[in-house]
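Given next are the chains, with one letter for each unit.
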Amino acid sequence: MCNNSWVSVCFRSLSVGTKSGYRLFSVTSVDKMDCIHEGAECPDVYIVERLFSSSLVAVVSLSMPRRMNVYHFKRGTEICNYSYSNNILSVRLNRQRLVVCLEESVYIHNIKDMKLLKTLLNTPHNPSGLCALSVNHGNSYLAYPGSQTIGEIMVYDTNNLSKVTMIPAHDSPLAALTFNASGTKLASASERGTVIRVFTIPEGQRLFEFRRGMKRYVSISSLSFSSDAQFLCASSNTETVHIFKLEQHSPSRDGESPTWGAYVGKMFTAASTYLPSQVSDMMHQDRAFATVRLNMFGLKNVCALSTVQKLPRLLVASSDGHLYIYNIDPQDGGECVLTNLRPSLSLVTCPVISSSILFPGYSEDGGAEKGDVIPEHEFAEGPVCLDDENEFPPVSKQTN
């Protein structure tokens, strides 16, 4: 549903579907949320995806669930619309590609002219429309379930329109997928929700494994990397959000006196070679670096890591229309502290949260800071130039 930073991030965006249309917000501080745009072109919006800080937004409504409308919302014009053979379950986009996911097929469009480039037919049954598209258009990889019964991940190159690899990630079906900002790492969780794994892309090698919990299976609703890929957060249908730290544990240097913890660690490592694989795996799984205890339970929500007012924060948006912002200690972790945004949440009175939150590295006002952001009119390496309306002539299309 929604998608994703700790280093020089200037743009924090929240897109929300409503009964009357959709709203786009920018989170500029912990106690202020600016409404950028309110669209009323169609009611009951359940998918709204914005292309970074540009004016392009893709919308799908419950009244026409098989049709995607693409708008230039600052000009108030429709760029195009596409109709599909079945209900649209998710939409993903970057500066190069726009991807539409149906239950058993995936459509890949060129975002410059909206031309349909490739249709992946007879994909494994995917009732939730689970997929992830790298926001880095140079590594424009798409990930989606490769099996209905086990947690296989198909990685597809949307630039070259070719399959890259199949990753045997989990024993049970997939529940969540996300790429890091550079498209070089992919995180996944299964329907059991107990273990989260991170893989290298495009190789598909397991890099990290984190244990969310052991006592109960949960439904992971979202995964999100920080912009530097040093942290990964995971939210679920429980009251706890976990933040994991992606760090390799290096061995002690020669001459150092081994600590008691290091000694015990070596004992566990040696013992794990004689134990069943399930027990051995648990010994090598890292626990959460930081956690958040929400005051809600059972609601669908999305989480993201960002920098707000120069401090690292965790943002959690829930399906009842609330946005929570928490402070994070990047050094020591632990329990995160809720900030004072909650009294302002009357701004969000929407029943459905259905899109991207937090695309790192892009500025709302189009200005650049220290080379870390790319203004809307400077897509130097990419095909999109939304200042020129001729880039997107209004057309209407229907897929077969």
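Source: prediction; values computed, not measured.

Conventions we followed
Residues numbered from 1 in each chain as written. Predicted model: local features only at pLDDT ≥ 70, side-chain atom pairs only at ≥ 80, totals over all residues. Heavy atoms only, no water. Helix = DSSP H or I, 4+ residues; strand = E, 2+ residues; numbered from the N terminus. Buried < 20%, exposed > 50% of the residue type's maximum accessible area, 1.4 Å probe, protein only. Areas by Shrake-Rupley, 256 points an atom, 1.4 Å probe, with all protein chains shown as cover. Core = buried A, V, L, I, M, F, W, Y, C linked by side-chain atoms within 4.5 Å. Contact = heavy atoms within 4.5 Å. pLDDT = per-residue confidence, 0-100. Salt bridge = Lys/Arg side-chain N within 4 Å of Asp/Glu carboxyl O.

Enquirer: How should the overall build of the chain be read in this particular structure?
Expert: Tallying secondary structure elements over the chain gives 2 helices and 29 strands in all. For the chain, the proportion of its 400 residues judged to be buried stands at 55%. Counting every atom, the chain has about 17400 Å² of accessible surface; 49% of that belongs to carbon and sulfur.

Enquirer: I keep staring at unusual backbone geometry and nothing clicks. Help me out?
Expert: Trans is the prevailing form of peptide bonds, just as negative phi is the prevailing case for residues other than glycine. In this model, Ile-201 is joined to Pro-202 through a cis peptide bond whose omega is 10°. As for its placement among the helices and strands, Pro-202 is situated in the loop between β18 (195-200) and β19 (206-211). We note that Asn-122 has phi near 55°; this positive angle belongs to a residue other than glycine. Structurally, Asn-122 can be placed in the loop between β11 (116-121) and β12 (132-133).

Enquirer: Even after reading the chapter, I still don't get the nonpolar core, so can you show me in this structure?
Expert: One broad rule of soluble globular proteins: the nonpolar side chains tend to lie buried together. Met-68, Ile-88, Val-91, Leu-98 and Val-100 are the most contacted members of the largest nonpolar core, which has 23 residues in total. Put simply, the parts of the chain that give this core at least two residues each are β4 (45-50), β5 (56-61), β6 (64-72), β7 (77-83), β8 (90-93) and β9 (97-101). With sequence-adjacent residues up to four places away left out, Met-68 is seen in contact with Ala-58, Val-59, Val-60, Cys-80, Asn-81, Tyr-82, Tyr-84, Ile-88, Val-91, Leu-98 and Val-100. Counting residues in each nonpolar core, the second largest holds 17 residues, with Leu-294, Leu-305, Leu-314 and Tyr-326 among its members.

Enquirer: Help me understand the confidence of the model for the chain in this model?
Expert: One rule of thumb: low pLDDT means the predicted coordinates there are not for detailed reading. Put simply, the chain has an average pLDDT of 78, and 72% of its residues get 70 or more. With pLDDT under 50 throughout, residues 251-257 is counted as low confidence; its partners more than four residues away or in other chains account for 0 contacts. When the criterion is pLDDT under 50, residues 342-396 qualifies, and its contacts beyond four places in sequence or with other chains add up to 163 contacts.

Enquirer: It is not clear to me how the pattern of salt bridges should be interpreted in this structure. Could you clarify?
Expert: As a working rule, side chains carrying opposite charge can pair if their charged atoms are close by. Scanning the model with the defined rule gives 5 salt bridges in all. Note that Glu-38 is salt-bridged to Arg-23, the shortest N-O span being 3.4 Å. Residue Glu-38 is found in strand β3 (residues 32-39), and its partner Arg-23 is found in strand β2 (residues 22-29); the two are separated by 15 residues along the sequence. Glu-38 sits in the partly exposed class, given a relative accessible area of 46%.

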